[in-house]
Amino acid sequence: MSKILNVDQLRKTYPSGDQELTVLEDISFAVETGTTFAIVGPSGSGKTTLLGLCAGLDKPDEGRVALCGEDLTLLDEDQRALLRNREVGFIFQNFQLLPTLTALENVSLPLELRGESGAADTARTLLSKVGLADRLHHYPSQLSGGEQQRVALARAFANRPSLLFADEPTGNLDDETGSRVVELLFDLNQEAGTTLVIVTHDMDLARRCHQILKLKGGRVQV
Amino acid sequence: MDGYPQNISKVKNRASVGWLFRMAWRDGRASLRRLLLFMSSIVLGIAALVAIQHFGLTLEANISGQSRELMGADYLVDTDATPGPELLDTLAQLPGVMKREVNFASMLSFPDRSGTRLVRIRGVESGFPFYGSLVTEPAGAGMQFGASRGALVDATVMTQYALEPGDSIRIGRLTLPISGSLVDAPGNTQVSTSVAPAIWIPYPLVEATGLIQVGSRVEYNFYFQVPPGTELDAIYERWDPSLDNAQADMDLHTDTSARLGRRFNNVGRFLKLVGFIALLLGCLGIASSVHIYMREKRASIAILKCLGASRRQSMLIFLIQIAGIGLAGGLVGTLLGLGLQAVFPLLVGEFLPVTLQWGLHWEPLVLGVLLGIGMALLFGILPLLSGWFVSPLAVLRVNLKPTGISKRVTAAILLLILFVLWGVTSLLLERPLRALWFVLGLAVVFLVLTLIAWGIMRGIRKFFPTGWGFEARQGLQNLFRPNNQTLVLVLAIGIGTFLISTLYFTQDMLLARAQLEDARPTANLILLDVQPEQTEAVAGVIRPTGMEVLEDIPIVTMRLLRIKDRTVEALRADTTATLNRWILSHEFRVTYRDSLIPSEILREGEWASSYSGQGPVPISLSDNVARDAQVGVGDTLVFNVQGVPMETFVSSIREVDWGRMQLNFSVVFPPGVLEEAPRFHVITTQASDAERSARLQQALVRSFPNITVLDIRQLLGVVGDILNKISWVIRFMAFFSILTGLVVLLGAVRTSKYQRIRESVLLRTLGATGKQVLRVAALEYLFLGAIGSLLGVFLALAATELLALGVFELPFRPSWVPFGVVFPFITLLVLTIGLLNSRGVVKSPPLQVLRREGV
């Protein structure tokens, strides 16, 4: 099986006052295409930083990240954005929907950025799949947390990504709604054959994945 | 890894330009009310500019379209010397039909009632004007003018003295009936006739007035009408040189209208600047609002970038929004400006020499729209650029601050703003160097206001009054809250107050000067054209009334024959001569005395108090004449003193304060030279009140009809009236700055509303009462209003002091109005707007507010 994500000796530091704070140190792993992968660890272990680096939202100080065969460290910000639009989907803990766009427009957005025609039709189909056919023209502020996360799910799959990053997807939801969203996530993922990388501190959720990477203090815990 | 793009750098982002516009609309529709508020910041400034620009073009088109009606002829020849044989010969050869006019200032009196009035007598041949018409009451009086012995009397004089057609008037030795009231004549404006209203009398009767004597200031005009299609420029080319030699000038109707157009253009330029300041204030509002707006859009920009939008696309979406605001502001402002210009005739009607016919001019309309877009983008670009630096990582880390715009880029953009401002100001002023000074001056005012405001803020922070009560401390602390708009509000309030206060201070200074002149124990009645043999008799009329003859100034008229080693004829013929040509044909009114007077300062050379009788006569020139004639101390000048050549040399150069209401002279001879030359006198006296002044004027006019009396008190009243009218126009334009300041204030208050709501809700949740929250807000706005307006007043004080020292050279005593009225009014206004805005937050329960505002 081919590797869709290859992380090699990653190091990331942030300035903290006059000092430098090392958030990640010597991180190396690979994710195979079509599998599910969980990154777990306590708060402050560097999970979200690692996700940001893997998705090309930030650049490492040292090391290399190859996403879909592209070395992210060699790409500029716009090229990384383009690669995300082509190959990556996202689900965030706080949903990150554009508040000024309706559900339908939020889901159409990744396709519109690709210049694809029929973006609205695809978005409509996806929103129906997540059970929001009657909420197409609602703004995020008019939707509940669970509904917003379902819109985010539909948006994440809209551009038929090769790889889906989910950052604490149930963190802002109650247990019941969270479980329903996770079921939906795994169902859609299986249906689309997408590789899934989940950042979570929920071990039950992590155990549903093929692989688990444990982080502690910015290092991989063996 | 098959199936993945192998080289992403070769893949293109395919989102179309249309998508950018769609996104701009989708995002903007949710903030439409706020965006419209941004827009309204620039609407008034653009409206003011378009209104002035469009009105100016309309006026220009009307003046140029009615140029024949303004002159009443195709061209005219004018001279202030009695026409000699050479001129009469040339006039006879000029093409077209000729009508003559003699005009001069004189006193009008009435045989059957009391009262005298300084008027301008126009002795005109019937048949003039060739173009346009005399508007008279009764209507037929104008048509029949010249056919009878009747005079046409200015309508204001008719009303002032309750005259009726058929009543008699007296001009010099001539008594004649009034045939009608003159409502309007070619080229007349209400203002131009307010000092000396016109009385039209038939040309043949001028002689009978007996007023044309030695030294009389008489203008001779010869009006011509030529067949349509005649090449006027060719006539000018052919005849102007010989007219110059005969000490006369030729003016084509187009020259007169161009000159008039230029005069209005100068006023228009000043008003455009006042309007432009309103626009700049609005732009400041835009910059501040866009800054806060873009800060709120950071999360959206991060999401867009995370989903694959490029930096350029993310920025363009908001750039399109701001350009849209600019476009809408430009369009609304332009339309408003078009409507607004209809108000101008009400404000400046008395200054207008033409009847306005409205037309549509596209330049101001294009300028309005372009200024809307251009200025919104220019002032929005710096905050817009911040979007470029928003990291997509912000989707994961909400509090992630974007990397700032580098100082080099910021400096480059600020320079660009100054450069564009200079360009636009140059376009409005049509004077690049003056525009540069204006922009630099404005930048200094902004900089000084910013620095002082910043210094005050720092001072308050450093010496924070910890002993104050909770509400006062909280109100003061709000000035430093994150996302505060203290600086922009202080700037907006400060600039608005600065403008209004400077206007007040300057106007007061000028009016105070006029009153100062009036209060001084100096002459307020000036008797002109007194013949040498009349001086004793005139003094004999003055003294019994208890008044003194303050001055008896002899005046001799003369013209220049040679300047240094060149004759005036040679200089006239020399097209490369750079001296000011008015010198060559001017009739100088010269006096002689042995000392300087208070309005003069010796600048160069030595004052000659006497003449030895040997060699050239030492004379003193005013600095403007020396400059225009291009002569210095020691240079020789030969004057033609009524037929006798007189060689002189420049012994001294004086600076003369021409603004003083007293008799000043550009050329002064020493005593002992001109005593025997044909001369006339000017006698001055002081009347303590208007009634005594009127009595003396009547007595003088009765005994000496040739004497013209200038009543300075009355003249000051007229000047004050004109000044008031002008200041009304300026205040009207400054009003736009104030209104814009209010809109900016409203925008800034609304933009920072969300921040305030959070804090208010938090305070209320913690147990603060609505009243307490309201008091905190009230104190904050009170501080803002007081700091801004007080800064504005003090800056205006400094600016006016500079004007007083550098430009007007006058003592400046500040008026209390800006301190007593403007300062509290603006402070209260800021307080009211702020409190009205906070009312909703306090009235509703905290949870309801949180839900409604989406906090």
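## Points about the overall build of chain B
Okay, step 1: Scanning chain B from terminus to terminus reveals 27 helices and 21 strands.
Okay, step 2: Dimensions of chain B, computed from the C-alpha atoms along their principal axes, are close to 110 × 65 × 60 Å.
Okay, step 3: In chain B, which comprises 855 residues, the proportion classed as buried is 52%.
Okay, step 4: Here the analysis covers contacts within chain B between residues at least 6 apart in sequence; of these, 82% occur between residues at least 24 apart.
Okay, step 5: Counting every atom, chain B has about 38,100 Å² of accessible surface; 60% of that belongs to carbon and sulfur.
Okay, step 6: Across chain B, the 76 positively charged side chains and the 66 negatively charged ones have centroids separated by 22 Å.

## Some details on the domain arrangement of chain B
Okay, step 1: For chain B, the assigned domains are domain 1 (25-63 + 268-450), domain 2 (101-218), domain 3 (464-521 + 713-855) and domain 4 (549-685).
Okay, step 2: Computed from C-alpha coordinates alone, the two centres of domain 1 of chain B and domain 2 of chain B are separated by 53 Å.

## Thoughts on the pairing of strand β2 (residues 19-32) of chain A
Residues and elements named next belong to chain A.
Okay, step 1: Bridging between strand β1 (residues 3-16) and β2 involves ten bridges; their strand directions are antiparallel. Looking at the pairing, L10 lines up with I27 of β2.
Okay, step 2: Taken together, β1 and the strand that follows it, β2, pair antiparallel across an intervening segment of two residues, in which G17 is found at a positive phi of about 65 degrees.

## Side note on helix α4 (residues 85-93) of chain B
Residues and elements named next belong to chain B.
Okay, step 1: Every buried residue of α4 is listed here: L87, T90 and L91. Taken end-on, α4 shows its buried residues confined to a sector of 100 degrees, consistent with a single buried face. Summarising the geometry of α4, the exposed residues directed more than 90 degrees from the buried face are P85 and A92.
Okay, step 2: Those residues of α4 that are buried lie in contact with β1 (75-79), β2 (97-109), β9 (218-225) and α8 (232-245).

## Side note on the sheet that holds strand β4 (residues 62-67) of chain A
Hydrogen bonds along the backbone pair up the strands of a sheet, which may run parallel or antiparallel.
Okay, step 1: The antiparallel open sheet is built from four strands, whose spatial order is β2-β1-β4-β5 (chain A). The open sheet has two edge strands with one neighbour each: β2 and β5 (70-71) of chain A.

## Topic: the packing of aromatic side chains
Okay, step 1: One pass over the structure, following the stated rule, counts 19 aromatic pairs over all chains.
Okay, step 2: Within the aromatic cluster, the residues linked to one another by ring pairs are F128, F130, F145, W200 and Y223 of chain B.
Okay, step 3: A cation sits over an aromatic face here: R208 of chain A above F186 of chain A, 4.5 Å from the ring centre.
Okay, step 4: Over the ring of Y131 of chain B we find R68 of chain B, and its NZ or CZ is 5.8 Å from the ring centre.

## Focus: the interface of chain A and chain B
When the parts of a complex come together, some accessible area is lost, and that lost area is often used as the size of the interface.
Okay, step 1: With 45 residues of chain A in contact, the opposing surface of chain B contributes 40 residues.
Okay, step 2: The junction of chain A with chain B conceals about 3,800 Å² of combined surface from both sides, 59% of it contributed by carbon and sulfur atoms.
Okay, step 3: Inspection of the chain A/chain B interface yields six salt bridges.
Okay, step 4: Taken together, the links from chain A to chain B amount to ten residue pairs in polar contact (both at pLDDT 80 or more).
Okay, step 5: Mapped by element, the contributors of at least two residues to the side of chain A that touches chain B are β1, α1 (47-54), α2 (77-87) and α3 (103-113) of chain A.
Okay, step 6: Looking at which element gives the most residues to the side of chain A that touches chain B, the answer is α2 of chain A, with ten residues.
Okay, step 7: For the side of chain A that touches chain B, the residue count by class is 18 nonpolar, 14 polar and 13 charged.

## Some thoughts on a nonpolar patch on the surface
Okay, step 1: Together, L433, L436, W437 and L440 of chain B give the surface a local cluster of nonpolar side chains, amounting to about 440 Å² of exposed area.
Okay, step 2: As for its placement among the helices and strands, L436 of chain B is situated in helix α15 (residues 432-462).

## Re the packing of α3 of chain A against helix α4 (residues 119-129) of chain A
Residues and elements named next belong to chain A.
Okay, step 1: Running from amino to carboxyl end, α3 crosses α4 at an angle of 125 degrees, the nearest separation of the two axes being 8 Å. Relative to α4, the element α3 lies oblique. Helix-helix and strand crossings are classified by hand; for α3 and α4 the assignment is right-handed. Note on element contacts: α4 touches α3 through A119, A120, T122, A123, R124, L126 and L127, opposite A103, L104, V107, S108, L111 and E112.
Okay, step 2: Residue composition of the contact of α3 with α4, grouped by class: nine nonpolar, two polar and two charged.

## As for helix α14 (residues 407-429) of chain B
Residue and element names in this part refer to chain B.
Okay, step 1: Counted at 1.5 Å a residue, the expected span for α14 with its 23 residues is 33 Å, and the 32 Å between its end C-alpha atoms agrees.
Okay, step 2: Taken together, the buried positions of α14 are occupied by I413, I417, L421, V424, T425, S426, L428 and L429.
Okay, step 3: Considering only its buried residues, α14 is in contact with α2 (32-65), α9 (253-296), α13 (362-385) and α15.
Okay, step 4: Note on α14: the residue one or two positions beyond its end, E430, has a positive phi of about 60 degrees.

## Thoughts on unusual backbone geometry
Residues and elements named next belong to chain B.
Okay, step 1: Looking along the chain, the bond that leaves F128 and enters P129 is cis, with omega of 0 degrees.
Okay, step 2: Positionally, P129 belongs in the loop between β3 (116-124) and β4 (135-137).
Okay, step 3: Its identity as a non-glycine residue notwithstanding, D529 has a phi of 60 degrees, on the positive side.
Okay, step 4: A relative accessible area of 9% places D529 in the buried class.

## Re the sheet that holds strand β9 (residues 211-216) of chain A
Residues and elements named next belong to chain A.
Okay, step 1: An order of β6-β7-β8-β3-β9-β10 is seen for the six strands of this open sheet, with the pairing classed as mixed. The strands lining the two open edges of the sheet, one partner per strand, are β6 (88-91) and β10 (219-220).
Okay, step 2: Pairing of strand β3 (residues 36-40) with β9 involves four bridges; the strand directions are parallel. Residue pairing in the sheet places I39 in a bridge with L213 of β9.
Okay, step 3: Packed on one face of the sheet, helix α5 (residues 145-158) meets β6 and β7 (163-167) and runs near 175 degrees to β6.

## Comments concerning the side chain of E147 of chain A
Residue and element names in this part refer to chain A.
Okay, step 1: Along the chain, E147 turns up in helix α5.
Okay, step 2: For E147, a relative accessible area of 12% gives the class buried.
Okay, step 3: In this structure the side chain of E147 is engaged in a polar contact, spanning 2.9 Å, whose partner is the backbone nitrogen of S144.
Okay, step 4: Setting aside residues no more than four positions away along its own chain, E147 makes contact with L132 and R135.

## Some words on the packing of α4 of chain B against α8 of chain B
Residues and elements named next belong to chain B.
Okay, step 1: Running from amino to carboxyl end, α4 crosses α8 at an angle of 165 degrees, the nearest separation of the two axes being 9 Å. Classed by the angle they form, the pair α4 and α8 counts as roughly antiparallel. In this structure, α4 meets α8 at a crossing whose hand is left-handed. Contacts from E86, L87, T90 and Q93 of α4 reach α8 at W239, S242, L243 and N245.
Okay, step 2: The residue makeup of the contact of α4 with α8, split by class, is three nonpolar, four polar and one charged.

## Here we look at the pattern of salt bridges
Okay, step 1: For the structure on display, the rule yields 33 salt bridges over all chains.
Okay, step 2: Here E62 of chain A ties to R11 of chain A by a salt bridge, and the two come within 3.8 Å at their closest N and O atoms. Pair noted here: E62 of chain A is in strand β4 and R11 of chain A is in strand β1, with a separation of 51 residues, a long-range link.
Okay, step 3: Between K305 of chain B and E77 of chain A there is a salt bridge, with its nearest N and O atoms 3.8 Å apart. In this pair, K305 of chain B is assigned in helix α10 (residues 298-306) and E77 of chain A in helix α2, connecting two distinct chains.

## Here we look at the environment of G178 of chain A
All names here are of chain A.
Okay, step 1: Along the polypeptide, G178 turns up in helix α6 (residues 175-192).
Okay, step 2: Linking G178 and Q149, residues 29 residues apart in sequence, is a C-alpha distance of 9.3 Å.
Okay, step 3: With sequence-adjacent residues up to four places away left out, G178 is seen in contact with T170 and L173.

## Looking at the nonpolar core
Okay, step 1: Among the nonpolar cores identified, the biggest contains 142 residues, and L5, F29, L50 and F165 of chain A together with F276 and M375 of chain B are the most heavily contacted of them.
Okay, step 2: Among the elements that make up this core, the one with the highest residue count is α9 of chain B (13 residues).
Okay, step 3: Those residues in contact with M375 of chain B that sit more than four places away from it in its chain are F276, L279, L280, C283, L370 and L421 of chain B.
Okay, step 4: Within the second largest apolar cluster, 40 residues are counted, among which are L108, M158, I178 and A248 of chain B.

Definitions and limits used
Residues numbered from 1 in each chain as written. Chains lettered and ligands numbered in written order. Predicted model: local features only at pLDDT ≥ 70, side-chain atom pairs only at ≥ 80, totals over all residues. Heavy atoms only, no water. Helix = DSSP H or I, 4+ residues; strand = E, 2+ residues; numbered from the N terminus. Buried < 20%, exposed > 50% of the residue type's maximum accessible area, 1.4 Å probe, protein only. Contact = heavy atoms within 4.5 Å. Areas by Shrake-Rupley, 256 points an atom, 1.4 Å probe, with all protein chains shown as cover. Lys, Arg positive; Asp, Glu negative; His and termini not counted. Charge placed at Lys NZ, Arg CZ, Asp CG, Glu CD. Domains from an automatic or database assignment. Pairing = 2+ DSSP bridges. Arc of directions from axis to C-beta. Phe/Tyr/Trp six-rings, centres within 6.5 Å; stacked < 30°, edge-to-face > 60°. Lys NZ or Arg CZ within 6 Å of the ring centre and 35° of its normal. Buried area = accessible area lost by both parts, 1.4 Å probe. Salt bridge = Lys/Arg side-chain N within 4 Å of Asp/Glu carboxyl O. Polar contact = N/O pair within 3.5 Å; in protein donor to acceptor, adjacent residues only side chain to side chain. Nonpolar A, V, L, I, M, F, W, Y, C, P; charged D, E, K, R; others polar. Patch = residues over 30% accessible without salt bridge, like charges linked within 9 Å, V, L, I, M, F, W, Y side chains within 5 Å. Axes fitted to C-alpha atoms, helices over the stretch in contact; angles between N-to-C directions. Parallel < 35°, antiparallel > 145°, perpendicular 65-115°, else oblique. Left-handed = near helix turned anticlockwise from the far one by under 90°. Expected span 1.5 Å × (residues − 1). Core = buried A, V, L, I, M, F, W, Y, C linked by side-chain atoms within 4.5 Å.

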